[in-house]
Amino acid sequence: MRFFRLHFLLPIMCLGAVVQAQTSAPFAQLDRPDTPAGYLARLLVNEVPFPGERAYESEANSQEAMLQILWVLHGRIHHIPKGYTQQQVAGVRSEDIIDVITGEGGRRQCEGFYRNSAGQFITAPRVEERIKYLLKIANSGSKPGRFAVLLNHAQGLARAYIKEGMAGADRYANLRRIGSVDVTGRAYSWMTDMDSYHPGGNFVTIPSPENGSLGGNRFFTLRKNPK
């Protein structure tokens, strides 16, 4: 089962003043995109809203969404529920998080993130354009602001995961029932938080009372008993 993210590039609202160019060390920076930590960080940044973009609520909300997206990716490798195979849940058979992000055989797991014909993991031009734009804003002015905080948070999560593995609480780990449906717990997919988007199959929408909506995304768990 695949999951998709249809990210929209929206203009950042005017910050209300002309900012001074940053001349010293940058307030925010990401690792190179051809490194696992840099690639993962780009995914986390791409999947959540920043100030001025639709669905942005707060730094904390976007940061928590990043963590839960990372939990989805981690779960698709290390927490496949009984009754399912990794191929069914993640669309791949691999313990490499880059494979889980990019998919295989031309099947995209995350929109805008894929491997080219040489097997290199790359991002779509629109993803890099947004990253550059966010970095430009983050590194303007006289002190770090919300953009720098969010970019550095994404990179910090990615570096820590690649080096040490998963950390931080999975808020969906103990879900056992949604409405009349028994579920496995944990989230195994996310999509743009619109009613028309659903991964289908055995995925079950985590409702808002269970904090299923974060950072412009809706998260999905799985039926305990697959159809």
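What you are looking at is a predicted structure, and each value in this text was computed from that prediction instead of being measured. (Residues numbered from 1 in each chain as written. Predicted model: local features only at pLDDT ≥ 70, side-chain atom pairs only at ≥ 80, totals over all residues. Heavy atoms only, no water.)

What the protein contains, in helices and strands, is six helices and eight strands. Across the protein, helices and strands are ordered from the amino to the carboxyl terminus as α-α-α-α-β-β-α-α-β-β-β-β-β-β. Classification of the 227 residues of the protein by burial places 51% in the buried group. A sequence separation of at least 24 residues applies to 67% of the contacts in the protein between residues at least 6 apart. (Helix = DSSP H or I, 4+ residues; strand = E, 2+ residues; numbered from the N terminus. Buried < 20%, exposed > 50% of the residue type's maximum accessible area, 1.4 Å probe, protein only. Contact = heavy atoms within 4.5 Å.)

Applying the stated criterion across every chain yields a total of nine salt bridges. With a closest N to O distance of 2.4 Å, Asp-182 and Arg-177 form a salt bridge. A salt bridge links Arg-218 to Asp-193, with the shortest nitrogen-to-oxygen separation between them at 3.1 Å. One end of the pair, Arg-218, is in strand β8 (residues 217-222); the other, Asp-193, is in the loop between β5 (189-192) and β6 (203-205), and 25 residues separate them in sequence. Residue classification places Arg-218 among the buried residues on the basis of a relative accessible area of 13%. (Salt bridge = Lys/Arg side-chain N within 4 Å of Asp/Glu carboxyl O.)

Moving on, we come to helix α6 (residues 146-164). Relative to the 27 Å expected for 19 residues at 1.5 Å per residue, α6 spans 26 Å between its end C-alpha atoms, a close match to the ideal helical length. Residues of α6 that are buried: Phe-147, Ala-148, Leu-150, Leu-151, Ala-154, Gln-155, Leu-157, Ala-158 and Tyr-161. Residues of α6 that are buried sit in contact with α1 (36-46), α2 (59-78), α4 (97-102) and α5 (125-138). At the exit of α6 stands Gly-165, carrying a positive phi of roughly 95°. (Expected span 1.5 Å × (residues − 1).)

The next thing to look at is the side chain of His-74. Tracing the sequence through the fold places His-74 in helix α2. With relative accessibility at 11%, the residue His-74 sits in the buried group. If near-sequence neighbours (up to four positions away) are discounted, His-74 is found in contact with His-79, Tyr-161 and Met-166.

Residues Leu-40, Ile-97, Ile-101 and Phe-219 are the most contacted members of the largest nonpolar core, which totals 58 residues. For this core, the elements supplying multiple residues, two or more each, are α1, α2, α4, β1 (113-115), α5 and α6. Top element by residues in this core is α2. It accounts for nine residues. Counting residues in each nonpolar core, the second largest holds seven residues, with Tyr-84, Val-89, Tyr-188 and Met-191 among its members. (Core = buried A, V, L, I, M, F, W, Y, C linked by side-chain atoms within 4.5 Å.)

Counting buried positions along β8 gives six out of six residues, so the element sits mostly inside the fold. Residues Asn-217, Phe-219 and Thr-221 line one face of β8 and the alternating positions Arg-218, Phe-220 and Leu-222 line the opposite face, and both faces are buried. Both β6 and β8 contribute to a ladder of three bridges, which runs antiparallel. Its bridge partner lying in β8, Thr-205 is registered against Phe-220. Bridge count for strand β7 (residues 213-214) against β8 is two bridges, and the pairing is antiparallel. Counterpart to Ser-213 in the pairing with β8 is Arg-218. (Pairing = 2+ DSSP bridges.)

This part takes up unusual backbone geometry. Phi angles above zero are rare outside glycine, and Ala-55 is one such case at about 80°. Despite not being glycine, Arg-186 shows a phi value in the positive range, around 70°. Mapped onto the fold, Arg-186 is located in the loop between β4 (181-182) and β5.

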